[in-house]
Amino acid sequence: MEEKAKAEEKKIGMTETWLRKHRLLYDGATRHPLILSIRDGTINIASFKTWLAQDYLFVRAFVPFSASVLIKAWKESDESGDVEVILGGVASLEDEISWFKREANKWGISLSDVVPQQANINYCRLLEKLMSPEVEYTVAITAFWAIEAVYQESFAHCIEEGSKTPAELKETCMRWGNEGFGQYCQSLQKIADRRLQKASDDELKKAEVMLLSVLEHEVEFWNMSRGNV
Ligand SMILES: Cc1ncc(CN)c(N)n1
């Protein structure tokens, strides 16, 4: 039976079907040693600072990518509600960038001196490719959901009961691990599932390959902090 029919039979979306199929890679992205070290309190602060500085640069590139998804939703979506959901995400990025600046200041990081590492350059390149008008909305929204979901799952794990996350890192974990962000990710997942249900086989293949690419880039992104271990 083809995957789409299997998903329908099990009453789960295509994204969940893919996450089950690629569990190992998804766990690699959401249960990375950096995340586990935050959760168990053994984090090396230099690793955290590397992640923070690199992620600031990533988020700056994530702004135009998010805007490009918004444009695709406006042009291609069959449901007007998609625009509101994505707009909410775009709007929150201004606050996120301000937060990065404050947080960097707190840790004595000069953001203007941060040089992007190769994994970051590669990931930002992927975002740029996704911004192309040739990339279908279905593929772009799948990537958008996956990028946000990895952070949500990762940081939510650090604030679950029993975690020993250091007090000074709790705010960072709350930023992506909070319930509101979780609901936003679920809304994105619903949009992606709705689009994938109607997608052609060719689009489905492209979206699945894109999901794998996002997960691989996320793992590489976390790995940058290993230079400090
Ligand atoms: C690498 C990365 N991936 C995802 C997110 C969440 N927007 C982020 N800030 N940085």
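This one's a predicted model, so the numbers in the text were calculated from it and none came from an experiment. (Residues numbered from 1 in each chain as written. Predicted model: local features only at pLDDT ≥ 70, side-chain atom pairs only at ≥ 80, totals over all residues. Heavy atoms only, no water.)

Undergrad: Would you mind going over the overall build of the protein chain in detail, with residue names and values included?
TA: Secondary structure summary: the protein chain contains eleven helices and zero strands in total. When the helices and strands of the protein chain are listed from N to C terminus, the series reads α-α-α-α-α-α-α-α-α-α-α. Its C-alpha atoms put the protein chain at 50 × 35 × 30 Å along the principal axes. Relative to its 229 residues, the protein chain shows a buried fraction of 52%. Excluding contacts between residues fewer than 6 apart, the proportion of contacts in the protein chain whose partners are at least 24 apart in sequence is 85%. For the protein chain, the exposed surface amounts to about 11,100 Å²; the carbon and sulfur share of it is 53%. The protein chain carries 28 positive and 36 negative side-chain charges, and their two centres are separated by 2 Å. (Helix = DSSP H or I, 4+ residues; strand = E, 2+ residues; numbered from the N terminus. Buried < 20%, exposed > 50% of the residue type's maximum accessible area, 1.4 Å probe, protein only. Contact = heavy atoms within 4.5 Å. Areas by Shrake-Rupley, 256 points an atom, 1.4 Å probe, with all protein chains shown as cover. Lys, Arg positive; Asp, Glu negative; His and termini not counted. Charge placed at Lys NZ, Arg CZ, Asp CG, Glu CD.)

Undergrad: Describe the UniProt feature "domain: Thiaminase-2/PQQC" (unreviewed entry) in the protein chain, and please don't skip the residues or the numbers.
TA: Here, UniProt's "domain: Thiaminase-2/PQQC" (unreviewed entry) annotation points to residues 20-226. Structurally, residues 20-226 comprises 78% helix and 0% strand, and the distance from its first C-alpha atom to its last is 27 Å. (UniProt positions renumbered as here; feature names shortened; annotations may be inferred.)

Undergrad: Help me get a handle on the confidence of the model for the protein chain, residues and values and all.
TA: Averaged over every residue, the pLDDT of the protein chain is 96; the share at 70 or more is 99%. Taken over the whole predicted complex, pTM reads 0.96, whereas the ipTM for its chain interfaces reads 0.99. (pLDDT = per-residue confidence, 0-100.)

Undergrad: Now, about the site of the ligand: what can you tell me, with residues and values included?
TA: For the ligand, the full set of nearby residues is D55, F58, V59, F62, Y123, I147, E148, Y151, W176, E218 and F221. Side-chain polar atom of E148 to a nitrogen atom of the ligand: 2.7 Å apart, as the coordinates give it. A distance of 3.2 Å separates a nitrogen atom of the ligand from a polar atom in the side chain of Y151. Calculation on the ligand without its partners gives an accessible area of 290 Å², and the protein chains cover 99% of this total. Looking at the shell around the ligand, the elements with two or more residues in it are α5 (45-76), α8 (137-158) and α11 (201-223). When residues in the shell around the ligand are grouped by element, the largest group, four residues, is from α5. (Near = heavy atom within 4 Å. Polar contact = N/O pair within 3.5 Å; in protein donor to acceptor, adjacent residues only side chain to side chain.)

Undergrad: I'd love a proper account of the pattern of salt bridges, names of residues and values included.
TA: For the coordinates displayed, the defined rule picks out 16 salt bridges. Here R194 makes a salt bridge to D78, at a shortest N to O gap of 3.0 Å. With R194 in helix α10 (residues 179-198) and D78 in the loop between α5 and α6 (81-106), this pair connects stretches of sequence that are 116 residues apart. When salt bridges that share partners are traced, they join D78, D82, R194, R195 and K198 into one network. (Salt bridge = Lys/Arg side-chain N within 4 Å of Asp/Glu carboxyl O.)

Undergrad: Report on the packing of α5 against helix α7 (residues 118-130), specifying residues and quantitative values.
TA: Two elements in contact, α5 and α7, have axes separated by 9 Å at closest approach and are oriented at 10 degrees. By the angle between their directions, the pair α5 and α7 is classed as roughly parallel. On α7, the residues that touch Q54, L57, F58, A61, F62, F65, S68 and K72 of α5 are N120, Y123, C124, L127 and L130. Partitioning the contact of α5 with α7 into residue classes produces nine nonpolar, three polar and one charged. (Axes fitted to C-alpha atoms, helices over the stretch in contact; angles between N-to-C directions. Parallel < 35°, antiparallel > 145°, perpendicular 65-115°, else oblique. Nonpolar A, V, L, I, M, F, W, Y, C, P; charged D, E, K, R; others polar.)

Undergrad: Please set out the packing of α8 against α11 residue by residue, giving values where relevant.
TA: Orientation of α8 relative to α11, taken along the N-to-C sense of each, is 35 degrees, at an axis distance of 9 Å. Helix-helix and strand crossings are classified by hand; for α8 and α11 the assignment is right-handed. Between α8 and α11, the residues in contact are T138, V139, T142, A143, W145, A146, I147, V150, Y151, S154 and F155 and E203, K206, A207, M210, L211, V214, L215, E218, F221 and W222, respectively. Residue classes in the contact of α8 with α11 are distributed as 15 nonpolar, three polar and three charged. (Left-handed = near helix turned anticlockwise from the far one by under 90°.)

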